[in-house]
Amino acid sequence: AGFMEAGRVIGEKIGRNFVWLLPFVGFFIGTVVVLAEPAVYVLTIQVEEVTAGHIKRKLILITLSIGIAFAICFSMLRIMIPALKLWHFLLPGFAFAAFLSYHVPPIFVGIAYDAGGVASGPMTATFVLAFAQGAAVAIPGANVLVDGFGVIAMVAMAPLVAIQILGMIFKIRSRRRLNDAEA
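Participant: I tried to follow the overall build of the protein on my own but got confused; where do I start?
Facilitator: Helices and strands together make up the secondary structure of the protein, namely eight helices and zero strands. Expected size for 183 residues packed as a compact globule is a radius of gyration near 16 Å; at 17 Å, the protein falls within 12% of this value. Within the protein, the fraction of its 183 residues that count as buried is 46%. Within the protein, residue pairs in contact and separated by at least 24 positions form 81% of the contacts whose partners lie at least 6 positions apart. Total accessible area on the protein stands at roughly 9300 Å², and carbon and sulfur atoms take up 72% of it. Of the charged side chains in the protein, 13 are positive and 9 negative, and the gap between their average positions amounts to 6 Å.

As structure tokens, then:
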């Protein structure tokens, strides 16, 4: 309950006094909040164990942090700019995630979908949701209900895209190594 009230007050104060700061604060919160999720730590440890250290825990944490940071940053922009709708982000984002799932190694698809579930855990649901709702209250034209819960949808989508992009990078690098070894 303490995180909810703190998030709401911070979002509302920034939204009222420094609206232009919302995307930057959202980006910062996104990088930090995923590190505070207990399930994310469990996931990253399991990924490193299952892949025998091939996919490093730290790399998954960094990728998730960047993905969630952009999701919350874009959510703050969406709250600030009423013409931007939730579907403008979710439809292309989930479509891109579905496209990527056919082009990356299957291990990354599994990690991505697991990460989407754990990234939107208790810290995100309490602090980030309240932060977005506070910002929506302070900004004229924003809808507290849609904008507040829209940020959770964005956070759930971000790992699908971010981790699968990481998988694509792994795939490209492994091809290059294979080509270099053959040459």
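Right, picking up where we left off after that structure.
Participant: Help me understand the side chain of Gln164 in this model?
Facilitator: As for its position among the elements, Gln164 is in helix α8 (residues 144-182). Within polar-contact distance, the side chain of Gln164 engages the backbone nitrogen of Ser101 at 3.0 Å. Residues within four places of Gln164 in sequence aside, it is in contact with Ala97, Leu100, Ser101, Val104, Phe108, Val109, Ala112, Tyr113 and Pro159.

Participant: Explain α8 here, please?
Facilitator: A turn of α-helix holds 3.6 residues, and therefore any two residues three or four places apart point the same way. An ideal rise of 1.5 Å per residue puts 57 Å on 39 residues; α8 measures up with 57 Å between its terminal C-alpha atoms. Sitting at the head of α8, Asn143 places a side-chain oxygen 2.9 Å from the backbone nitrogen of Leu145.

Participant: Got a minute to help me understand the pattern of salt bridges in this structure?
Facilitator: Pairing between side chains becomes possible if they bear opposite charge and their charged atoms approach one another. Tallied over the entire structure, the rule returns three salt bridges. Among the salt bridges present, the one from Arg8 reaches Glu5, with a minimum N-O distance of 2.4 Å. Taken together, the residues Arg8 and Glu5, both in helix α1 (residues 2-17) and three residues apart, mark about one turn of the helix. Because the salt bridges share partners, they merge into one network encompassing Glu5, Arg8, Glu12 and Arg16.

Participant: What's the story with the side chain of Thr63 in this structure? I'm lost.
Facilitator: Along the chain, the position of Thr63 falls in helix α4 (residues 57-80). Here Leu59 takes part through its backbone oxygen, which lies 2.8 Å from a polar atom of the side chain of Thr63. In contact with Thr63, not counting residues within four places along its chain, are Ala162, Ile163 and Leu166.

Participant: Looking at this model, I keep getting lost on the packing of α1 against helix α7 (residues 122-138). Mind explaining?
Facilitator: Each pair of packed helices can be summarised by the angle the axes make with each other and by the distance between the axes. Here α1 crosses α7 at 30°, and the two axes come no closer than 6 Å. When the axes of α1 and α7 are compared, the pair comes out roughly parallel. The interaxial crossing formed by α1 with α7 has right-handed handedness. Of α7, the residues touching α1 (which contributes Phe3, Met4, Ala6, Gly7, Arg8, Ile10, Gly11, Glu12, Ile14, Gly15 and Arg16) are Met123, Thr126, Phe127, Ala130, Phe131, Gly134, Ala135, Val137 and Ala138. Among the residues forming the contact of α1 with α7, the class breakdown is 12 nonpolar, five polar and three charged.

Participant: What exactly am I supposed to notice about the nonpolar core here?
Facilitator: Most often, soluble globular proteins have nonpolar side chains that are buried together. Within the largest apolar cluster, 50 residues are counted, with the highest numbers of intra-cluster contacts made by Ile60, Ile68, Ile72, Met76 and Ile163. Elements with a minimum of two residues in this core: α2 (22-33), α3 (38-50), α4, α5 (86-101), α6 (106-119), α7 and α8. With 11 residues, α8 is the largest single contributor of residues to this core. Sequence-distant contacts of Met76, defined by excluding residues within four places in its chain, comprise Leu22, Pro23, Gly26, Phe131, Ala132 and Ala135.

Definitions and cut-offs
- Residues numbered from 1 in each chain as written.
- Predicted model: local features only at pLDDT ≥ 70, side-chain atom pairs only at ≥ 80, totals over all residues.
- Heavy atoms only, no water.
- Helix = DSSP H or I, 4+ residues; strand = E, 2+ residues; numbered from the N terminus.
- Rg over C-alpha atoms; globule rule 2.2 N^0.38 Å.
- Buried < 20%, exposed > 50% of the residue type's maximum accessible area, 1.4 Å probe, protein only.
- Contact = heavy atoms within 4.5 Å.
- Areas by Shrake-Rupley, 256 points an atom, 1.4 Å probe, with all protein chains shown as cover.
- Lys, Arg positive; Asp, Glu negative; His and termini not counted.
- Charge placed at Lys NZ, Arg CZ, Asp CG, Glu CD.
- Polar contact = N/O pair within 3.5 Å; in protein donor to acceptor, adjacent residues only side chain to side chain.
- Expected span 1.5 Å × (residues − 1).
- Salt bridge = Lys/Arg side-chain N within 4 Å of Asp/Glu carboxyl O.
- Axes fitted to C-alpha atoms, helices over the stretch in contact; angles between N-to-C directions.
- Parallel < 35°, antiparallel > 145°, perpendicular 65-115°, else oblique.
- Left-handed = near helix turned anticlockwise from the far one by under 90°.
- Nonpolar A, V, L, I, M, F, W, Y, C, P; charged D, E, K, R; others polar.
- Core = buried A, V, L, I, M, F, W, Y, C linked by side-chain atoms within 4.5 Å.

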